[in-house]
Amino acid sequence: MQITPARVEHLDLLVESWNRWFPSHYRIDERLLRQLTFDHPSWRKNRAQLAFDGDSLIGFMLAREVNDGLVVIDAVAVDPELRRQKIGSRLIQELKANRCRMGGGPSHFLPGLPEDWTPAADFFTALGFEKDWDAEDLYLTLSPRSTDFRCCTSADRKNVLEMVGSEFSQRWTDDSQARFEAGDETDILIIERDGTPVAFCHAWHFKSALLGPSIFWLRNDCPTFGGIGPVGVMSSERGQGLGAKVVEQALNYLASLGVTEVVVDWTSIGPFYQKLGFESWRRYHGYSRNLGDKS
Ligand SMILES: CC(C)(COP(=O)(O)OP(=O)(O)OC[C@H]1O[C@@H](n2cnc3c(N)ncnc32)[C@H](O)[C@@H]1OP(=O)(O)O)[C@@H](O)C(=O)NCCC(=O)NCCS
């Protein structure tokens, strides 16, 4: 077996192997794989490795370093005929990283392990990982709705990025900036007070230039797919129903485009979305090793 760094020339092979080795409702295509890896700024510190037997790919690990030596494993898979031969373990050892997380990285495929992937959970547990966060995707069938919504235009860029940057994470700021840069600004819904945005919600759909995590998997099964998230209300404006209102605006917007099914991904506030009609769809558990250890 030879282990070698993944290169952009391997994209086709990776897509083909992923689709043979993962369950079909997590199918990917080159567009999604590229967006999350070689086209993503965080991939410059990638630690992806491929395992070959001669010319045959027998395993792969997509991973990237994030900060302070923390490595996020985006995905790892081994040819089903060759499992339980320590190929997966060898790929993870290749990281030579103490502090690791499975899923939930800066450009994640999955927020963690799907809760029914028991062999994968056993594998990470055997390698010293422990279960940490819980995450859930929720699903909604969209019926005709009101046409009340306020989309962003390119003129809103500065105000929206300032608000998201001062109130929320760098990741949400980067993701919002990427939407403006991709020409997807109408997919950001806002509520304003005195001309300044105080709440925002990203919407995603079958015509968006970028793919968002909420639509990665629904697009395999529904041609008129949609998704929402992240959603945020300025801390000084919380508790007044603005969160639900901005999500409703996003749903109105998606319905106006012909979206029929919507997913919200990686949330821990299921009851908030259930009030808006969403139902639980998929659940995940984060797995990590030595996150508190900076040595
Ligand atoms: C998870 C996966 C990558 C493991 O690869 P692998 O090469 O078979 O794993 P290893 O041989 O290195 O296993 C190391 C240890 O993990 C545990 N383990 C691995 N697979 C297991 C299974 N199916 N059931 C129970 N324990 C398992 C065992 O303790 C094993 O040691 P042992 O065989 O000496 O008992 C592989 O099963 C796979 O490709 N699964 C589908 C994709 C997937 O779920 N990826 C993970 C999330 S992206």
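Okay, so let's go over this structure. (Residues numbered from 1 in each chain as written. Predicted model: local features only at pLDDT ≥ 70, side-chain atom pairs only at ≥ 80, totals over all residues. Heavy atoms only, no water.)

### Points about the packing of aromatic side chains
- Under the defined criterion, the tally for this structure stands at 21 aromatic pairs.
- Ring geometry for F38 and W43: centres 5.7 Å apart, planes at 65°, overall edge-to-face.
- The structure contains a cluster of three or more aromatic residues connected by ring pairs, namely W18, W21, F22, Y26, F60, F109, W117, F216 and W217.
- Over the ring of W204 we find R179, and its NZ or CZ is 3.4 Å from the ring centre.
- The side chain of R282 reaches across the aromatic face of W281, ending 4.0 Å from its centre. (Phe/Tyr/Trp six-rings, centres within 6.5 Å; stacked < 30°, edge-to-face > 60°. Lys NZ or Arg CZ within 6 Å of the ring centre and 35° of its normal.)

### Looking at the nonpolar core
- Within the largest apolar cluster, 55 residues are counted, with the highest numbers of intra-cluster contacts made by W18, F60, L62, I73, L95, F124 and W217.
- Among all residues touching F60, those that are not within four sequence positions of it are L14, S17, W18, W21, F22, Q49, L50, A75, V76, A77 and L91.
- With 37 residues, the next largest nonpolar core counts I191, V198, L254 and V264 among its residues. (Core = buried A, V, L, I, M, F, W, Y, C linked by side-chain atoms within 4.5 Å. Buried < 20%, exposed > 50% of the residue type's maximum accessible area, 1.4 Å probe, protein only. Contact = heavy atoms within 4.5 Å.)

### Observations regarding the pattern of salt bridges
- Scanning the model with the defined rule gives 17 salt bridges in all.
- Note that E65 and R47 form a salt bridge whose closest N and O atoms lie 3.2 Å from each other. Of this pair, E65 sits in strand β3 (residues 56-65) while R47 is found in the loop between α2 (30-36) and β2 (49-53), placing the two residues 18 residues apart along the sequence.
- Residue class for E65 comes out partly exposed when judged on its relative accessible area of 24%.
- Where R150 meets E192, a salt bridge forms, and the shortest distance between an N and an O atom there is 3.1 Å. Here E192 lies in strand β8 (residues 188-193) and R150 lies in the loop between β7 (130-141) and α5 (157-167), a separation of 42 residues in the sequence.
- The exposure class assigned to R150 is partly exposed, which follows from its relative accessible area of 25%.
- The exposure class of E192 is partly exposed, given its relative accessible area of 34%.
- Three or more residues joined by partner-sharing salt bridges are found here, namely E30, R34 and D39. (Salt bridge = Lys/Arg side-chain N within 4 Å of Asp/Glu carboxyl O. Helix = DSSP H or I, 4+ residues; strand = E, 2+ residues; numbered from the N terminus.)

### Structural notes on helix α1 (residues 11-21)
- Among all positions in α1, only L11, L14, V15, S17, W18 and W21 are buried.
- Tucked inside the fold, the buried residues of α1 contact α2, β2, β3 and β4 (71-78).

### Comments concerning the side chain of R219
- Of note, R219 is situated in the loop between β9 (196-205) and β10 (225-233).
- The exposure class of R219 is buried, given its relative accessible area of 17%.
- The contact partners of R219, leaving out residues within four places of it in the chain, are D29, R31, L32, L211 and F225.

### Re the environment of A63
- Mapped onto the secondary structure, A63 falls in strand β3.
- What makes A63 buried here is its relative accessible area of 0%.
- Ignoring sequence-local partners within four residues, the contact set of A63 consists of W43, N46, R47, A48, V71, V72, I73, D74 and L95.

These results come straight from atomic positions and should not be treated as a statement about function.
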